[in-house]
Amino acid sequence: MDSDDELAERLRDGDEKALRVAYDRHGATVLYLAQRLLGNRADAEDVTQLTFVAAWTGRDGYDPQRGTMLGWLLGIAKRKAVDRLRSAARDQRVAETVRAQVPAPDEAEPPERIIDRLIVADELSRLPTEQRRTLELAFFDDLTHPQIAAVTGLPLGTVKSHIRRGMANLRRRWEVDGAASGSRSARASRAL
C-alpha cells in the first residue's frame, strides 16, 4: 500500500486510480467532518464529492511539505461545507424576502368585482388591436406614454389618442353595464 506521499505524487501525476485510493482511505473521515459541520447526510455526501473533485482539479496545489493529505482534504471539505452553509443561508434569506413580499391570499373575491373584471376584459377584447395593446402596456406593464411609443413604434400623439379613446370606450361600457348589473360603481353614482 502506498504512503500518502507516494499517493500524493501519483495524484499530482494525474493517476485517476490514486484519487480512488485517496477516497477509499480518507472518504469516510471527510464525510464525517462534513456531516458534523452540516448536520445533514445528503449535503455531507455532496460536500464529500465536491471535496474529491476539487482535490483532483487542484492536485497540483497539494504540497506534502505543508501537511498531510488528510489535512489537505479536510481543509477542502471545510471550505466546501462553509460554502454550502452560506449558500443555504442566502437561499433562506431570499425565500424569506419573497414570502414577505407575497401578499396574503384575500378572502373570496366578491361577485361584483369578478363581474367588473369580466366587463373590462370583454371590452378590451372589443377594442382595435393597437388601442388594446397601448392600454395593456400602460396599465398591465406600467409603461409611460413615451415608452409605449418606443415599444410599439407608434407616434407619441397616436399612443395618447389610443389610450384616451380606449379609456372612453371602457368608461361608456362600464356606465352602461354597471348601471344594469348594480355594481359598486353604479351604486356610488346613484348615491350622488
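These remarks concern the structure in this document. (Residues numbered from 1 in each chain as written. Predicted model: local features only at pLDDT ≥ 70, side-chain atom pairs only at ≥ 80, totals over all residues. Heavy atoms only, no water.)

### What about the packing of aromatic side chains?
Definition in use: Any two rings among Phe, Tyr and Trp, with Trp reduced to its six-membered ring, count as a pair given centres within 6.5 Å; such a pair is stacked if its planes are under 30 degrees apart, edge-to-face if over 60, and tilted if neither. For helices the rule is a DSSP run of H or I covering at least 4 residues; for strands it is a run of E covering at least 2, with both sets numbered from the N terminus onward. Per-residue accessibility, obtained with a 1.4 Å probe over protein chains only, is compared with the maximum for each type, and a residue is labelled buried under 20%, exposed over 50%, and partly exposed between these values. Geometrically, a charge over a ring is one whose NZ (Lys) or CZ (Arg) sits within 6 Å of the ring centre while staying within 35 degrees of the ring normal.
One pass over the structure, following the stated rule, counts 2 aromatic pairs. When the centroid spacing of 5.0 Å and the interplanar angle of 75 degrees are considered together, the rings of Tyr-23 and Phe-52 count as edge-to-face. Separated by 29 residues along the polypeptide, Tyr-23 in helix H2 (residues 16–38) and Phe-52 in helix H3 (residues 41–57) bring together distant segments of the chain. Using a relative accessible area of 37% as the deciding quantity, one classes Tyr-23 as partly exposed. On the numbers, 4.8 Å between centres and 40 degrees between planes, the contact of Tyr-62 with Trp-72 is tilted. In this pair, Tyr-62 is assigned in the loop between H3 and helix H4 (69–101) and Trp-72 in helix H4, connecting sequence segments 10 residues apart. Residue Tyr-62 shares its accessibility class with Trp-72, and that shared class is buried. The positively charged end of Arg-59 is found above the aromatic ring belonging to Trp-56, 4.1 Å away from the centroid.

### Remarks on unusual backbone geometry
Phi is positive for Asp-142, close to 60 degrees, though the residue is something other than glycine. Along the chain, Asp-142 turns up in the loop between helix H6 (129–139) and helix H7 (145–152). The class of Asp-142 is exposed, set by a relative accessible area of 65%.

### Things to note about the nonpolar core
Selection rule: Think of a nonpolar core as a cluster: buried Ala, Val, Leu, Ile, Met, Phe, Trp, Tyr and Cys residues, connected wherever their side-chain atoms sit within 4.5 Å. Contacts are assigned to residue pairs that have any heavy atoms within 4.5 Å of one another.
Judged by nonpolar contacts, the single largest core of 16 residues is most densely connected at Leu-11, Met-69, Trp-72 and Leu-73. Taken together, the elements giving at least two residues each to this core come down to helix H1 (4–12), H2, H3 and H4. Once residues within four sequence positions are removed from consideration, Leu-11 is found in contact with Ala-18, Leu-19, Trp-56, Arg-59, Met-69 and Trp-72. By size, the runner-up hydrophobic cluster in this structure holds 11 residues, among which are Leu-137, Ala-138, Ala-149 and Leu-170.

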